[in-house]
Amino acid sequence: LMWAIYILNWELNFGKYHYIIKQTLTAVAIRALIEFFPTAGPAMNPMLATAWDVFGVSQTDFPAENIHYFVYWVAPCLAGILAAVTYAIYDGDKVFGVSMPIGPLKPKKTIKKD
């Protein structure tokens, strides 16, 4: 789904009718993912993934497998923290108020004053 959204939004240009074609193709991509992967759907949001499992495909109240909670709740939270730390190292910023021991990897731009 992320690839479809990236390609449709930033790589392809449909000219005058870009918006309506982009929206239609994104809806088709989402529907195709739902049909091809009916167990979890194309949910990238943990709440939507759990709701899909509870109300869409499951016969139980909540997902019985612990892997569901790891994939849709724990892993995205850890990935968000890892992304923040990675960017802080790249930019030379702080994470949770603590300066990183390495970084910045991105060269700082200096502004010349006349």
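Residues numbered from 1 in each chain as written. Predicted model: local features only at pLDDT ≥ 70, side-chain atom pairs only at ≥ 80, totals over all residues. Heavy atoms only, no water.

## Focus: the side chain of Asp91
Defined as follows: Strands here mean DSSP runs of E at least two residues long; helices mean DSSP runs of H or I at least four residues long; both are numbered from the N terminus. For this analysis, residues touch if any pair of their heavy atoms sits within 4.5 Å.
Along the chain, the position of Asp91 falls in helix H4 (residues 66-91). If sequence neighbours within four positions are ignored, Asp91 has contacts with Pro104, Lys106 and Lys108.

## Points about the packing of helix H1 (residues 2-11) against helix H2 (residues 18-36)
Quick reminder of the rule: In this analysis an axis means a line fitted to C-alpha atoms, helices contributing only their contacting stretch, and an angle means the value between N-to-C directions, from 0 to 180 degrees. For classification, angles of less than 35 degrees are called roughly parallel, those exceeding 145 degrees roughly antiparallel, those between 65 and 115 degrees roughly perpendicular, and all remaining angles oblique.
Packing of H1 against H2 leaves a shortest axis separation of 10 Å and a crossing angle of 170 degrees. With respect to H2, the axis of H1 lies roughly antiparallel. Contact residues: Ala4, Ile5, Leu8 and Asn9 in H1; His18, Lys22, Leu25, Thr26 and Ala29 in H2.

## Considerations on a nonpolar patch on the surface
Test applied: To count toward a patch, a residue needs a relative accessible area over 30% and no salt bridge; like charges are then connected within 9 Å, while nonpolar side chains (Val, Leu, Ile, Met, Phe, Trp, Tyr) are connected within 5 Å. The Shrake-Rupley method, run with a 1.4 Å probe sphere, supplies the accessible areas, and residue values consider only the shown protein chains as cover. Here, a salt bridge means any side-chain nitrogen of Lys or Arg that lies within 4 Å of a carboxyl oxygen of Asp or Glu.
A cluster of nonpolar side chains, Met47, Leu48, Ile67, Phe70, Val71, Trp73, Val74, Leu78, Ile81 and Phe96, forms an exposed patch at the surface whose accessible area comes to about 1,000 Å². Put simply, the parts of the chain that give the nonpolar patch at least two residues each are helix H3 (46-57) and H4. By residue number, the principal contributor to the nonpolar patch is H4, which donates seven residues. With respect to the secondary-structure elements, Leu78 resides in helix H4.

## Re H4
Threshold: Every helix has an expected span of 1.5 Å times one less than the residues it contains. Think of it in three bands: with a 1.4 Å probe and only protein chains considered, a residue is buried below 20% of the maximum accessible area for its type, exposed above 50%, and partly exposed in between.
Taking 1.5 Å per residue, 26 residues should reach 38 Å; H4 reaches 36 Å between its end C-alpha atoms and fits that length. Every buried residue of H4 is listed here: His68, Tyr72, Ala88, Ile89 and Asp91. Taken from the residues just after H4, Gly92 is the one with a positive phi, measuring 80 degrees.

## Side note on the environment of Pro76
If you trace the backbone, Pro76 turns up in helix H4. C-alpha separation for the pair Pro76 and Pro46, spaced 30 residues apart in sequence, amounts to 8.2 Å. Setting aside residues up to four positions removed in sequence, Pro76 forms contacts with Phe70 and Val71.

## Focus on the packing of aromatic side chains
The criterion, for reference: Stacked, tilted and edge-to-face are the three classes assigned to paired rings of Phe, Tyr and Trp, where Trp is represented by its six-membered ring and a pair needs centres within 6.5 Å; plane angles under 30 degrees give stacked, over 60 edge-to-face, the rest tilted.
Inspection of every chain in the model, using the stated rule, returns one aromatic pair. Considering the side-chain rings of Tyr87 and Tyr90, the 6.2 Å spacing of their centres and the 50 degrees angle between planes classify their relative orientation as tilted. On the criterion of helical spacing, the pair formed by Tyr87 and Tyr90 is a turn pair, its members being three residues apart in helix H4.

## Side note on the confidence of the model for the protein
As a reminder of what qualifies: Every residue carries a pLDDT, the predictor's confidence in it, which falls somewhere between 0 and 100.
Per-residue confidence for the protein gives a mean pLDDT of 76; residues scoring 70 or more make up 86%. Here H3 stands out as the element of the protein with the lowest mean pLDDT, 71, in contrast to H2, whose mean of 83 is the highest.

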